[in-house]
Amino acid sequence: MNQHTTTLLVVGGGPGGYIAAIRAGQLGIPTTLVEAGELGGTCLNVGCIPSKALIHAAEEFEKASHFASGSALGISVQAPRIDIGQTVLWKDGIVARLTGGVAALLKRSGVRVVKGWANIVDGKTVEVIRDGESPQRIGCEHLLLATGSHATELPFMPFGGPVISATEALSPKTVPGKLVVVGAGYIGLELGIAYAKLGAQVHVVEAQERILPAYDADLTRPVAIALKGLDIETHLGCSVLGLDEGGGAVRIRNAAGEESSLNADQVLVAVGRRPSTRGFGLEKLRIDMDGHFIKVDDQCRTSMRDVWAIGDVTGEPMLAHRAMAQGEMVAEIISGKRRHFSPAAIAAVCFTDPEVVVVGATPQAARAQGIDCIDAMFPFAANGRAMSLESKDGFVRVVARRDNHLIVGWQAVGKAVSELSAAFAQSIEMGATLEDVGGTIHAHPTLGEAIQEAALRALGHALHI
Amino acid sequence: MGIHVIKMPDIGEGIAEVELVMWHVKVGDAVTEDMILADVMTDKATIEIPSPVHGTVAMLGGAAGQVMAVGADLIHIEVEGEGNLKAQAAKPAAPAQPVAAAPVPAAPLVAQPASPAAKPVPAPAAVSPAAPPAAPVAGPARVARGPGERPLASPAIRKRAWDMGVELQFVHGSGPAGRILLSDLEAYVARGQQGASPAAASGYRENHGEQAIPLIGLRRKIAQKMQESKRRIPHFSYVEEIDVTELENLRARLNEEWGRERGKLTVLPLLARALVVALRQFPQMNARFDDDAGVVTQYGAVHLGVATQTDAGLMVSVMRHAEARDLWSCASEIGRLADAARTGKATRDELSGSTITISSLGALGGIVTTPVINHPEVAIIGVNKIVERPMVRQGGLVVRKMMNLSSSFDHRVVDGMHAAQFVQAIRALLECPAMLFVE
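Residues numbered from 1 in each chain as written. Chains lettered and ligands numbered in written order. Predicted model: local features only at pLDDT ≥ 70, side-chain atom pairs only at ≥ 80, totals over all residues.

Caption draft 1: Broad picture of the overall build of chain A. In terms of regular secondary structure, chain A is built from 13 helices and 24 strands. Looking at chain A residue by residue over its 465 residues, the buried ones come to 51%. Taking as baseline every contact in chain A between residues at least 6 positions apart, the subset at least 24 positions apart corresponds to 64%. (Helix = DSSP H or I, 4+ residues; strand = E, 2+ residues; numbered from the N terminus. Buried ≥ 20, exposed ≤ 12 C-beta atoms within 10 Å, placed from the backbone. Contact = placed C-beta atoms within 7 Å.)

Caption draft 2: Region of interest: the overall build of chain B. What chain B contains, in helices and strands, is seven helices and 16 strands. Residues classed as buried in chain B amount to 34% of the 439 residues present. Long-range pairs, those at least 24 residues apart, make up 66% of the contacts in chain B with a sequence separation of at least 6.

Caption draft 3: Inspection of the sheet that holds strand S21 (residues 355–360) of chain A at higher detail. All names here are of chain A. Taken in spatial order, the five strands make up an open sheet running S20-S21-S24-S23-S22, and their pairing is antiparallel. Each edge of the sheet is formed by a strand with only one pairing partner; in this case those strands are strand S20 (348–350) and strand S22 (373–379). Within the sheet, the average angular offset between the axes of one strand and its neighbour, ignoring direction, is 10 degrees. Two strands pair when backbone bridges link them, and strand S23 (residues 395–401) and strand S24 (residues 407–414) are joined in this way by six bridges, in the antiparallel orientation. Its bridge partner lying in S24, Val-399 is registered against Gly-409. The sheet contacts of helix H7 (residues 217–229) involve S21 and S24, and relative to S24 the element is tilted by about 10 degrees. Packing against the sheet, helix H11 (residues 421–429) makes contact with S20, S21 and S24, and its axis sits at approximately 10 degrees to S21. (Pairing = 2+ DSSP bridges. Axes fitted to C-alpha atoms, helices over the stretch in contact; angles between N-to-C directions.)

Caption draft 4: Representation of the nonpolar core. Ranked by size, the top nonpolar core spans 157 residues in total, and within it Val-11, Ala-20, Leu-144, Val-182, Leu-268, Val-357 and Ala-454 of chain A carry the most contacts. The element that contributes the greatest number of residues to this core is helix H6 (residues 186–197) of chain A, accounting for eight residues. By size, the runner-up hydrophobic cluster in this structure holds 54 residues, among which are Ile-242, Leu-271, Ala-322 and Ile-380 of chain B. (Core = buried A, V, L, I, M, F, W, Y, C linked by C-beta atoms within 7 Å.)

Caption draft 5: View of the packing of helix H3 (residues 48–68) of chain A against helix H4 (residues 84–108) of chain A. Residue and element names in this part refer to chain A. Direction vectors running N to C along H3 and H4 enclose 145 degrees, while the axes themselves pass 9 Å from each other. Note that H3 runs across H4; the crossing there is right-handed. From H3, Ile-49, Pro-50, Ala-53, Leu-54 and Ala-57 reach across to H4, where they touch Thr-87, Lys-91, Ile-94, Val-95 and Leu-98. (Left-handed = near helix turned anticlockwise from the far one by under 90°.)

Caption draft 6: Quick peek at the environment of Arg-251 of chain B. All names here are of chain B. Here Arg-251 lies in helix H4 (residues 245–262). Here Arg-251 falls in the buried class, since 20 other C-beta atoms lie within 10 Å of it. Taking the C-alpha atoms as reference points, Arg-251 and Thr-266, 15 residues apart in sequence, are found 7.7 Å from one another. Setting aside residues no more than four positions away along its own chain, Arg-251 makes contact with Leu-265, Val-267 and Leu-270.

Caption draft 7: Representation of the pairing of strand S15 (residues 379–393) of chain B within the structure. Residue and element names in this part refer to chain B. In terms of strand pairing, strand S14 (residues 356–360) meets S15 through four bridges, oriented parallel. Counted as the bridge partner of Ser-359 is Gly-382 from S15. Sheet topology places S15 next to strand S16 (residues 396–410); 13 bridges connect them, and they run antiparallel. Note that in S16 the partner of Gly-382 across the bridge is Ser-406. The hairpin turn running from S15 into S16, its antiparallel successor, is two residues long, and Gln-394 in that turn takes a positive phi close to 50 degrees.

Caption draft 8: Structural detail: the packing of helix H5 (residues 267–281) of chain B against helix H7 (residues 416–431) of chain B. Residue and element names in this part refer to chain B. In contact at an axis separation of 9 Å, H5 and H7 are set at 135 degrees when each is read in the N-to-C sense. Taken together, the axes of H5 and H7 lie oblique to each other. When you trace H5 past H7, the crossing you get is right-handed. Contacts from Ala-274, Leu-275, Val-277, Ala-278 and Gln-281 in H5 reach Phe-422, Ala-425, Ile-426, Leu-429 and Leu-430 in H7. Considering only residue class, the contact of H5 with H7 consists of nine nonpolar, one polar and no charged. (Parallel < 35°, antiparallel > 145°, perpendicular 65-115°, else oblique. Nonpolar A, V, L, I, M, F, W, Y, C, P; charged D, E, K, R; others polar.)

Structure, rendered in structure tokens:
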């Protein structure tokens, strides 16, 4: 049997795993990374990056279509068309460039990448299986589990045929005439909106009474309005019963118990993601679990010594940037540095149209924690740059403690607000107060002015409203 | 004339009260800048409060022995021109606390009286950095950290605190909203160092300092090796005393005769020679035990490990083929390897592959040691110091030079009797050094 030993063995080459490996390599820790699929994991291959590419393409196409029916800007075009095959090729090109970049970075840091499926033998040994090759045994001092997550399947409507997950939805061969999206969370809405812009007739079914149920109603209202504008029909408070017999429609039942069916060429199931904890021998370690997740402490240590876990497999929020920060930290701890995972806030961005950003506590959450807080929002309707971008819907909202004005949360909804997440997260990590942000000159004319104005409004003296 | 107020400073440590130990001034006294006004004390340190201004003492805020709240008025000094009682807004005392902010619970007194004579403050830009504090005057409005509340600090400060081994929850934050600034962290660490000096009160104070030192680099390696050895190997130790009078005579003689040309000999080369000769009879001691595979490998070559203390920690440098070296070749090789190890120039080869190891602390050798076997070897010979002792020889007392050898063996593969016989063989050789050279 093929055999080698290393100091750090990373299982999974997603954003958490590859960052951990690169940082470990930089720190001189002999590191091996095992990945069964492509480097970059869900994020680069079938998640963040390709979805943003598809969303961008859909947006451009929709813009052109919009101009075809006349525009206030005075632009007109002839009926635009989209070659979806070419769009997917372009998207795949971006993905290939990024995954290739990850491979190059790993190589430069001296990380040994082993392709194949990892199977844990014990806390210090992993066997890697690859078709047509004899298994390879890798011994290590530290084992880092970064196996990520996968789309949750509905038992009564498994993936296959017309029922697809986000992975398939990101590589369409054709745009379906009718698409039913199950789940109005961020994945369902991002893709639902993109498909609607590409010309599909989209229905969204959600069991709860609101879209984006993780966010508050004020924040999701502009998104709900935008869905109407795109002729996306939402079926809230409805549960999905399954496909009808012919397989061409989805049967649903509303809160009143009435059943109906929605015609569908394709059904996108986006009801959440599950940690990937099966199929690689994790159970042999008998480490402590936290529900479906692997239980870790604030240094990402599992209950077994020198076995670490990061990213989606360790719990919410399942976000690439959380996994990356954890991966970097674990590498540094192994190198002998003292580190803890203690972010003040982790930004969550929803790339719907308009976009939604949440960093830190919402007013409701802050009050639920017993914080006496003030909050204030500044609408983009009063922001010059937003007007010039034709996106007056939305706002920036700040939440701060009443006693010392420490900012504890930011929320925003509007076009392109995802980029504001940097400013939001930084102000919270730095421990900024309302006066700090209010006293910082924000460039005019930018959407960022709304950040300053929200802070000033919370202090009782906004200037533009 | 104005009044300059000095408030009870926040000495950090997360406490709300400070004891006023002693006044150096009384009402009516003229004070000059930097003159000591009072001594205040926390449970950690006594601190002198200097005057930042010239003037006359107008009021004392408390009597000696009184415990005062942080932020309470300590002293009023009448000064030329405007005092700070009028210029509240320009004082750094309440950074970022807009007048609208709720009173700070921990130090109600510090909530600046909305300065009766103050000009209306334009814009609540209370953050405006006022003139830097001239002296440790009035502490900033303290923000009491509630139970379970996280200390507020930027990511850079958090990282630095971890590196320094400082728990931020014990550091007072002087920034807006109680944010811990770099200066707070540095002050905390500096105070910790001061606290360790006997300057404060007496050397018999309780010391609550602690320092966590991460094991990195060589230290971590040493720890792992030692742990590995003790975890895997059941050590059997055996101590025997050796009369080295003859050996020392021989050594003195050799050094006298040849020292200038060939270099001085220590006991080590002689001991190495004794090992080489004794190992011919006991090859099982010159071995490495691969316990995972269950194989003991005996070696013809004697690659002698010599434990060497370096600045970075303990290292074992390896003299290859001790069996092929005479005393002086041994001596010069041991010297060369020790230098290489100490200057960090030793190669991998010179630090690995030994088959048996000698550990000697020279003059610090003590009476007995319990050497830890250099895993995966099976034996280690520890050398203790040479002392003159009264011994009984043929019924009479004589003074002899005595040295103990403390040796450890892997009891899984070396039986106690063989270990004893081996040490006795070494003893016989050392006590009658001519035997060392019989081929």
